[in-house]
There are 2 protein chains.
Amino acid sequence: MTVSTNSKRMTRQRRLVLEELKKLKNHPSADYLFGVVRQKMPNISLGTVYRNLDVLVNSGQALKLDLAGGQCRYDGDMSPHHHIRCSVCSAIDDLSESAVAGIDKPRVSGSDYVVTGWRMEFEGVCPRCQRAKAENPGSQEEASHTVHAFPNMSVTQPESEE
Amino acid sequence: MTVSTNSKRMTRQRRLVLEELKKLKNHPSADYLFGVVRQKMPNISLGTVYRNLDVLVNSGQALKLDLAGGQCRYDGDMSPHHHIRCSVCSAIDDLSESAVAGIDKPRVSGSDYVVTGWRMEFEGVCPRCQRAKAENPGSQEEASHTVHAFPNMSVTQPESEE
DNA sequence: CTAGTTGCAAATGTTTTGCATTCAC
DNA sequence: GTGAATGCAAAACATTTGCAACTAG
């Protein structure tokens, strides 16, 4: 389970994984990133990518986004921001903190847990999939049922803000 | 993929899965629930439990909690509340809405996504694991690095009970 | 009857791990 | 030189699915 000492060697593989992750802005999965780094280092293995991502995350240089949808995604951008996931194509995009109203630093009281953190994620339909749906209304929706729905937010509101 | 017609039969298996889930208060995984229902119906299969949980979720009778930690958990309690997950033992407990300050209905503006929902989860250490750690400080922490940490929230507010 | 459902097992997809070899320090 | 890191492939998991047999309505 994860490395914990701090005697880390900077191998070529590790440097490459780190560099490419920082470059990518699409919150890649380990597998996607594997595909990218493989172009520059064809012999690197998927296990190595996973191991190095783990090192990155545990040393505070990247974020592991354990969002809905099975696969974990990674983010090289450590500045505070939220994420929104397209329920159709699983794209993940950033949501600046100022774009979200109604969320302060949550504070928990009256629990016998020692609260150490929280995680939040938004779900929606990205512009590409909105367009695709408009042109091809037959394709079935995903409506994951694992989120709090916005009750009266009709799924037909291109961008006007409420 | 999931079922989509509405001609559902109430089989013995389905009824049992539903009943037992409603009874359990510990947000069981499919596998755990499988173990429970198997005591009353030894021949039921895990696939059937998954399929019926899916039916339950899609018909609005249960919640699928796709939280951190790989395994999905299910909740038969549909009343609005938050969840907190123990980072040590993965227990999931309820957090009443009134226990959480700082969270309104979040509202998103300035995104080109059509926002349909959000998901939120707290992380902490449950009372049992707090006690275990106090007695055995050697055991390693999990500190999942996949959440927003509470910066200056000291790990000290036992409130003990249970 | 008959279409939805089940049990079983095999398949899937993601992530982890064991191990001999290699390499960074 | 030595322990950390790699490549590879197998293992470990959670979940899904194909299919023949079964059953609720």
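Above this text you will find the structure in question.
Cut-offs and rules
- Residues numbered from 1 in each chain as written.
- Chains lettered and ligands numbered in written order.
- Predicted model: local features only at pLDDT ≥ 70, side-chain atom pairs only at ≥ 80, totals over all residues.
- Heavy atoms only, no water.
- Near = heavy atom within 4 Å.
- Polar contact = N/O pair within 3.5 Å; in protein donor to acceptor, adjacent residues only side chain to side chain.
- Helix = DSSP H or I, 4+ residues; strand = E, 2+ residues; numbered from the N terminus.
- Nonpolar A, V, L, I, M, F, W, Y, C, P; charged D, E, K, R; others polar.
- Core = buried A, V, L, I, M, F, W, Y, C linked by side-chain atoms within 4.5 Å.
- Buried < 20%, exposed > 50% of the residue type's maximum accessible area, 1.4 Å probe, protein only.
- Axes fitted to C-alpha atoms, helices over the stretch in contact; angles between N-to-C directions.
- Parallel < 35°, antiparallel > 145°, perpendicular 65-115°, else oblique.
- Left-handed = near helix turned anticlockwise from the far one by under 90°.
- Contact = heavy atoms within 4.5 Å.
- Salt bridge = Lys/Arg side-chain N within 4 Å of Asp/Glu carboxyl O.
- Buried area = accessible area lost by both parts, 1.4 Å probe.

(A) A look at the protein's contact with DNA strand D. Residues in contact with DNA strand D amount to 19 residues; listed here are only the nearest, Arg9(A), Thr11(A), Thr48(A), Tyr50(B) and Cys72(B). Within 4 Å of the protein, the contacting atoms of DNA strand D are drawn from sugar and phosphate to the extent of 65%. Interatomic distance of 3.1 Å between a side-chain N/O atom of Asn52(A) and a phosphate oxygen of DNA strand D. Here Met10(B) contributes a backbone N or O atom positioned 3.3 Å from a phosphate oxygen of DNA strand D. Within the residue set of the surface near DNA strand D, elements represented by two or more residues are helix 1 (12-23) and helix 3 (46-58) of chain A together with helix 3 (46-58) of chain B. When the residues that make up the surface near DNA strand D are grouped by side-chain class, the tally is five nonpolar, eight polar and six charged.

(B) Structural context of the nonpolar core. Core analysis: the biggest nonpolar cluster contains 30 residues, and Met120(A), Phe122(A), Met120(B) and Phe122(B) have the highest contact counts within it. Elements supplying a minimum of two residues to this core: strand 3 (82-86), strand 5 (100-108) and strand 6 (114-125) of chain A together with strand 3 (82-86), strand 5 (100-108) and strand 6 (114-125) of chain B. The next biggest cluster of nonpolar side chains, apart from the first, holds 19 residues, and it includes Leu16(A), Leu18(A), Leu53(A) and Leu56(A).

(C) The packing of helix 2 (residues 30-40) of chain B against helix 3 of chain B, seen in detail. All names here are of chain B. The N-to-C vectors of helix 2 and helix 3 enclose an angle of 115 degrees; their axes lie 9 Å apart at closest approach. Viewed along their axes, helix 2 and helix 3 adopt a mutual orientation that is roughly perpendicular. Judged by the sense of rotation from one axis to the other, the crossing of helix 2 with helix 3 is right-handed. Counted together, Ala30, Asp31, Leu33, Phe34 and Val37 of helix 2 and Leu46, Val49, Tyr50 and Leu53 of helix 3 form the full contact between these two elements. Looking at side-chain class alone, the contact of helix 2 with helix 3 contains eight nonpolar, no polar and one charged residues.

(D) Expanded view of the pattern of salt bridges. Across all of its chains, the model carries 13 salt bridges over all chains by this definition. The partner of Glu123(B) in a salt bridge is Arg85(B), and the shortest N-O contact between them spans 3.4 Å. Here the residue Glu123(B) occupies a position in strand 6, and Arg85(B) occupies one in strand 3, the gap between them amounting to 38 residues. Where salt bridges share partners, they join Arg85(A), Glu121(A), Glu123(A) and Arg119(B) into one cluster.

(E) Examining unusual backbone geometry more closely. All names here are of chain A. Backbone geometry at histidine 27 places phi at a positive 50 degrees, although glycine is not the residue there. With respect to the helices and strands, histidine 27 occurs in the loop between helix 1 and helix 2 (30-40). Classification of histidine 27 by relative accessible area gives buried; the value is 2%.

(F) Region of the structure containing the interface of chain B and chain A. If you look at the interface, chain B gives 60 residues, while chain A gives 60 residues. The contact between chain B and chain A buries some 5800 Å² in all, and 56% of this surface belongs to carbon and sulfur atoms. At the surface where chain B touches chain A, the tally comes to four salt bridges. Between Glu121(B) and Arg119(A) there is a salt bridge; the shortest N-O distance is 2.7 Å. Summed over the shared surface of chain B and chain A, the result is 20 residue pairs in polar contact (both at pLDDT 80 or more). Broken down by secondary-structure element, the contributors of at least two residues to the side of chain B that touches chain A are helix 3, strand 3, strand 4 (92-95), strand 5, strand 6, helix 4 (127-135) and strand 7 (148-149) of chain B. Among the elements that take part in the side of chain B that touches chain A, strand 6 of chain B stands out by supplying 12 residues, more than any other. Of the residues in the side of chain B that touches chain A, the class split is 28 nonpolar, 17 polar and 15 charged.

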